[in-house]
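Commentary on secondary and tertiary structure
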Amino acid sequence: MREGRKSSVRLARQLPLHLLILPSVVCLLVFNYAPMTGLLMAFKDYKARLGFWDSPWVGMKHLHYMFTYPDSTQVIWNTFLIASLKIAANAVVPILFALLLNEVRALFFKRSVQTLVYLPHFLSWVILGGILTDILGNKGIVNQLLSGIGLDPVFFLGDGDWFRFTVVVSDVWKEFGFSTIIYLAALTGINLSLYEAAEIDGATRLKQTLHVTLPALVPVILVVGTLSLGNILNAGFDQIFNLYNPLVYREGDIIDTFVYRVGLMNGSFSFATAVGLFKSAVSFVLIVAAYRLAYRFGNYRIF
């Protein structure tokens, strides 16, 4: 009886909080969970005239088609390779930049640099794609500089290997400044007495970074790394779509652009849904695995 009364009192106290998050929960159900019924399209041959429910079942036909298509293996490899390089580069560069920026003592200069480097994050790839096409083209400023010093021009957006390099570097340039904010926030939470103790013990700035700063950043690095593994098959449709061309389809075509060209442009909505389901399943498995590893080796857990 007493336990029931305590539960009622607790519920009455928490009721305003539940009402506060109710609109968010409703939006989550409507826009994130209700549309998941559309996953049935992956196992149907969707016809607009028949509608969603009356289209015939075809089972695993679309998934089978994805893995038997002549270019599917190359597309999956391109996606995995480009996404992996992006994840690795976007994990290392922001940490190094945050450590360097943290050593700057001039506050005005520090804030100015931080503002300048995270501004590209707010520009769309439609704009940046046009800028990079002009800069890296055959008559762009980069190739003009290379020609000026006696080097051969580089076909950045027409050669497959250079295209991958360009995609990764441009993505890091666009995103590393914004990602740095996370690590700078973590750096402000480090107890300054640890640095004082290390300095008294004779530790140099490098040793303080290795033995004080980096260990304090490990929990944040684990969180970011765990979340980023879910994007292992998301190589960036916006970026690739605005930069690639038929010359680099073999080395630059990823799952999303492949589905757009082969599926959506031909009205194959069921095929596009099947590929999206495949990507979601792989991402879910990787996130669960990364979470378990983070808990085992870093004692990090969400719940």
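Computed from a predicted model, the values in this text were never measured in an experiment. (Residues numbered from 1 in each chain as written. Predicted model: local features only at pLDDT ≥ 70, side-chain atom pairs only at ≥ 80, totals over all residues. Heavy atoms only, no water.)

**Quick look at the packing of aromatic side chains**
Note the following rule: In this scheme Phe, Tyr and Trp rings, the latter by its six-membered ring, pair at centre separations within 6.5 Å, and the angle between planes marks the pair as stacked below 30 degrees, edge-to-face above 60, and tilted otherwise. Secondary structure is summarised from DSSP: a helix means a run of H or I of at least four residues, a strand means a run of E of at least two, and numbering begins at the N terminus for each. Under the scheme applied here, a residue whose accessible area is under 20% of the maximum for its type counts as buried, over 50% as exposed, and between as partly exposed, the area being computed with a 1.4 Å probe on protein chains only. Both a distance and an angle decide whether a charge sits over a ring: NZ of Lys or CZ of Arg must be within 6 Å of the ring centre and within 35 degrees of the ring normal.
Per the stated rule, a full pass over the model turns up 13 aromatic pairs. Judged by centre distance (5.2 Å) and plane angle (75°), the rings of Tyr 65 and Phe 271 are edge-to-face. One end of the pair, Tyr 65, is in helix 3 (residues 61-68); the other, Phe 271, is in helix 14 (residues 269-298), with 206 residues separating them in the sequence. Residue classification places Tyr 65 among the partly exposed residues on the basis of a relative accessible area of 36%. Considering the side-chain rings of Phe 241 and Tyr 260, the 5.1 Å spacing of their centres and the 80° angle between planes classify their relative orientation as edge-to-face. Separated by 19 residues along the polypeptide, Phe 241 in helix 11 (residues 237-243) and Tyr 260 in helix 13 (residues 255-263) bring together distant segments of the chain. Since its relative accessible area comes to 34%, Phe 241 is described here as partly exposed. By the ring-pair criterion, three or more aromatic residues cluster together here, those being Tyr 65, Phe 258 and Phe 271. Its end group placed over the ring of Tyr 249, Arg 261 keeps NZ or CZ at 4.3 Å from the ring centre.

**Re the side chain of Lys 174**
What counts, and what does not: Any pair of residues with heavy atoms lying within 4.5 Å of one another is described as a contacting pair.
Examined against the element boundaries, Lys 174 turns out to sit in helix 8 (residues 160-188). Filtering out sequence-adjacent residues up to four positions away, Lys 174 remains in contact with Pro 120, His 121, Leu 123, Trp 125 and Leu 128.

**Some points on the UniProt feature "transmembrane region" (unreviewed entry) in the chain**
The condition that has to hold: UniProt positions are given in the numbering used here, feature names are shortened, and annotations may be inferred rather than shown by experiment.
In this structure's numbering, the residues bearing the UniProt feature "transmembrane region" (unreviewed entry) are residues 20-43, 75-101, 113-132, 176-195, 216-237 and 269-291. Note that residues 216-237 is 64% helix and 0% strand, and that its end C-alpha atoms are spaced 34 Å apart. The span residues 269-291 is 100% helical and 0% strand by assignment, and the distance between its end C-alpha atoms comes to 33 Å.

**Thoughts on helix 5 (residues 107-118)**
As a reminder of what qualifies: By this rule the span expected of a helix is its residue count minus one, scaled by 1.5 Å. The arc in question is traced by the directions running from the helix axis to the C-beta atoms.
In this model helix 5 runs 17 Å from its N-terminal to its C-terminal C-alpha over 12 residues, within 8% of the 16 Å that 1.5 Å per residue would give. By the burial criterion, the buried members of helix 5 are Lys 110, Val 113 and Val 117. Within helix 5, the buried residues cover an arc of 70° as seen down the axis, which keeps them to one side. Pointing more than 90 degrees away from the buried face of helix 5 are the exposed residues Phe 108, Arg 111 and Leu 116. Each element contacted by the buried residues of helix 5 is listed here: helix 4 (72-102) and helix 8.

**Things to note about the nonpolar core**
The criterion, for reference: Here, nonpolar core means buried Ala, Val, Leu, Ile, Met, Phe, Trp, Tyr and Cys residues that are tied together by side-chain atoms lying within 4.5 Å of each other.
In this structure, Phe 97 and Leu 187 are the most contacted members of the largest nonpolar core, which totals 21 residues. The biggest single contributor to this core is helix 8, with 7 residues. If you look at the next biggest cluster of nonpolar residues, it comprises 18 residues, including Val 154, Phe 163, Val 167 and Ala 235.

**What about the environment of Val 93?**
Its location among the elements puts Val 93 in helix 4. You can call Val 93 partly exposed: its relative accessible area is 30%. Linking Val 93 and Glu 175, residues 82 residues apart in sequence, is a C-alpha distance of 9.9 Å. Ignoring anything within four residues of it in the chain, the contact list for Val 93 reads Val 172 and Phe 176.

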